[in-house]
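# Understanding the architecture of this molecule
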Amino acid sequence: MSELSVNHLLGIKYLNKKDIELIFETADHFKEVINRSIKKVPTLRDTTIANIFFENSTRTKLSFELAEKRLSADVINFSASQSSVKKGETLIDTVNNILSMKVDMVIMRHPNPGAGIFLSKHVNASIINAGDGAHEHPTQALLDSYSIREKLEGVEGKNVVIVGDILHSRVALSNIFALKLQGAKVKVCGPKTLIPKHIESLGVEVETDLVKALEWCDVANMLRVQNERMDISYFPSTREYTQQFGINRKLLDSLNKEIVIMHPGPINRGVEITSDVADSDQSIILEQVENGVAIRMAVIYLLASKIK
Ligand code: CP
């Protein structure tokens, strides 16, 4: 029987190509399930999952919760802003208190890079990283690659450019790991100040000219500028950023081919992407969100099979 090589999903860095293929094949099955009239399976009736979010989230939190409910798991939700974390409780104490209620799996979003890795060494439950600071966001990268695979019938050999704030982006890092594992060619594009030094060591190329990057690619994954992670100014003004690194209809129409547009959300309309691109036929932004549920069902199911 096929199983994942890991007991936790802490980052794409810890997966191999076979793990990704297994997750995608399992997600294919769950995508069929969630498009049936009865969208639920009894698979995880005896599993309890805690979603603990120390940072804001719309898509990831709702998508995980829906995935868990579609699998018939029991679900508890924890939001740091309404919890005893505010009274000084540590991460391990918080999670151990939750686990003493017989929880099998923890889905955690945390502002600190490596928080999930730390937790996995100190608590007895399967941990899924739902985004740890500017480090990794593995399920986002899996759903992004899965959406490319669906739209372009594969990921291997495709040219993918990730555009924007690469420096502060966990989505960028996880996407780079996932795309390279599957044999895609990857470029990053953005202001030099928002591209990490030595990023080429991950096997990607840097392109600071957006038009050249778009002419080269099959897929452009547009990222948001993460102002909340910036304590200094990385570019002169939002207007200049948009002029140099924002995508709009005119730019898209000037290319000599039709490319696929992606965005992990949340979108800043009119900054990195205009509405006439985000809402166009070339955009698969809402397909990404739909695929997120099937991917998260697959990851939860495959990890849960390892703890039973
Ligand atoms: N893509 C993503 O992580 O969105 P949320 O912050 O809304 O979860």
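Predicted, not measured: the structure shown is a model, and the values here were computed from it. (Residues numbered from 1 in each chain as written. Predicted model: local features only at pLDDT ≥ 70, side-chain atom pairs only at ≥ 80, totals over all residues. Heavy atoms only, no water.)

## Observations regarding the site of the ligand
To be explicit about the condition: When we say a residue is near a molecule or strand, we mean one of its heavy atoms is within 4 Å of it. In the analysis that follows, any N or O atom pair within 3.5 Å is treated as a polar contact, provided that within protein one partner can donate a hydrogen and the other can accept it, and provided that, for residues neighboring in sequence, both atoms belong to side chains. Accessible surface is estimated by sampling points in the Shrake-Rupley manner with a 1.4 Å probe; for residues, cover comes only from the protein chains shown. Basically, the charged four are Asp, Glu, Lys and Arg, the nonpolar ten are Ala, Val, Leu, Ile, Met, Phe, Trp, Tyr, Cys and Pro, and anything else, Gly included, counts as polar. A domain assignment, automatic or from a database, supplies the domain bounds used here.
The local shell around the ligand consists of Ser57, Thr58, Arg59, Thr60, Arg109, His137, Gln140, Pro264 and Gly265. The side chain of Arg59 places a nitrogen or oxygen atom 2.9 Å from an oxygen atom of the ligand. Pro264 places a polar main-chain atom, nitrogen or oxygen, 2.9 Å from a nitrogen atom of the ligand. In the complex, the protein chains occlude 91% of the 260 Å² of accessible area that the ligand would expose alone. Looking at the shell around the ligand residue by residue, the classes come out as one nonpolar, six polar and two charged. When residues of the shell around the ligand are assigned to domains, at least three fall in each of domain 1 (12-137 + 289-307) and domain 2 (139-286).

## Focus: the side chain of Arg296
Spelled out, the test is: Labels follow the DSSP assignment, with helices taken as runs of H or I lasting at least four residues and strands as runs of E lasting at least two, numbered in each case from the N terminus. Throughout this description, buried means an accessible area under 20% of the type-specific maximum (1.4 Å probe, protein chains only), exposed means over 50%, and partly exposed covers the range between. Positive charges come from Lys and Arg alone, negative charges from Asp and Glu alone, with His and the N- and C-terminal ends not counted. Take a side-chain nitrogen of Lys or Arg and a carboxyl oxygen of Asp or Glu: if they are within 4 Å of each other, that pair is a salt bridge. Contact criterion: two residues are considered in contact whenever any of their non-hydrogen atoms come within 4.5 Å of each other.
Structurally, Arg296 can be placed in helix 11 (residues 285-307). The buried charged residue Arg296 lacks any salt bridge, with Asp144 as its nearest oppositely charged partner at 8.0 Å. When neighbours within four sequence positions are excluded, Arg296 is seen to be in contact with Thr60, Ser63, Phe64, Ala67, His137, Thr139, Gln140 and Leu143.

## Details of the sheet that holds strand 4 (residues 126-132)
Stated formally: Should DSSP find at least two bridges between two strands, the strands are taken to pair. As a rule, the C-alpha atoms of each element are fitted with a line to give its axis, helices using only the stretch in contact, and angles between N-to-C directions run from 0 to 180 degrees.
An order of 2-1-3-4 is seen for the four strands of this open sheet, with the pairing classed as parallel. In this open sheet, the two strands that pair with only one neighbour each are strand 2 (74-79) and strand 4. Neighbour to neighbour, the strand axes of the sheet diverge by 15° on average, direction disregarded. For strand 3 (residues 105-110) and strand 4, the ladder comprises five bridges, and the chain directions are parallel. Its bridge partner being in strand 4, His110 is matched across the sheet by Asp132. Sheet strands in contact with helix 3 (residues 91-99) are strand 1 (48-53), strand 2 and strand 3, and its direction is about 150° off that of strand 3. Against the sheet, helix 4 (residues 115-122) touches strand 3 and strand 4, its axis set at about 150° to strand 3.

## Quick look at the sheet that holds strand 7 (residues 205-206)
With respect to topology, five strands assemble into an open sheet ordered 7-6-5-8-9, the strand pairing being parallel. Because the sheet does not close on itself, it has two edges, and the strands there are strand 7 and strand 9 (260-262). As paired elements, strand 5 (residues 159-163) and strand 8 (residues 219-222) share four bridges and run parallel to each other. Looking at the pairing, Ile162 lines up with Asn221 of strand 8.

## A look at the environment of Thr193
The topology assignment puts Thr193 in the loop between strand 6 (185-189) and strand 7. Between the C-alpha atoms of Thr193 and Lys212, which are 19 residues apart in sequence, the distance is 19 Å. The residues contacting Thr193, other than those within four sequence positions of it, are Leu167 and Tyr234. From its side chain, Thr193 meets the backbone oxygen of Tyr234 in a polar contact 2.5 Å long.

## So, the UniProt feature "binding site: carbamoyl phosphate" (unreviewed entry) in the chain
For clarity, the threshold we go by: UniProt positions are given in the numbering used here, feature names are shortened, and annotations may be inferred rather than shown by experiment.
Look at the UniProt record and you will see "binding site: carbamoyl phosphate" (unreviewed entry) annotated at Arg59, Thr60, Arg109, His137, Gln140, Gly265 and Pro266. As for its position among the elements, Thr60 is in helix 2 (residues 59-70). Here Thr60 falls in the buried class, since its relative accessible area comes to 5%. Excluding residues that lie within four positions of it along the chain, Thr60 makes contacts with Arg109, Ala130, His137 and Arg296. In this structure Arg109 touches Ile52, Phe53, Phe54, Glu55, Asn56, Ser57, Thr60, Ala130, Gly131, His137 and Arg170, once residues within four positions along its chain are discounted. In this structure the side chain of Arg109 is engaged in a polar contact, spanning 3.0 Å, whose partner is the side chain of Thr60.

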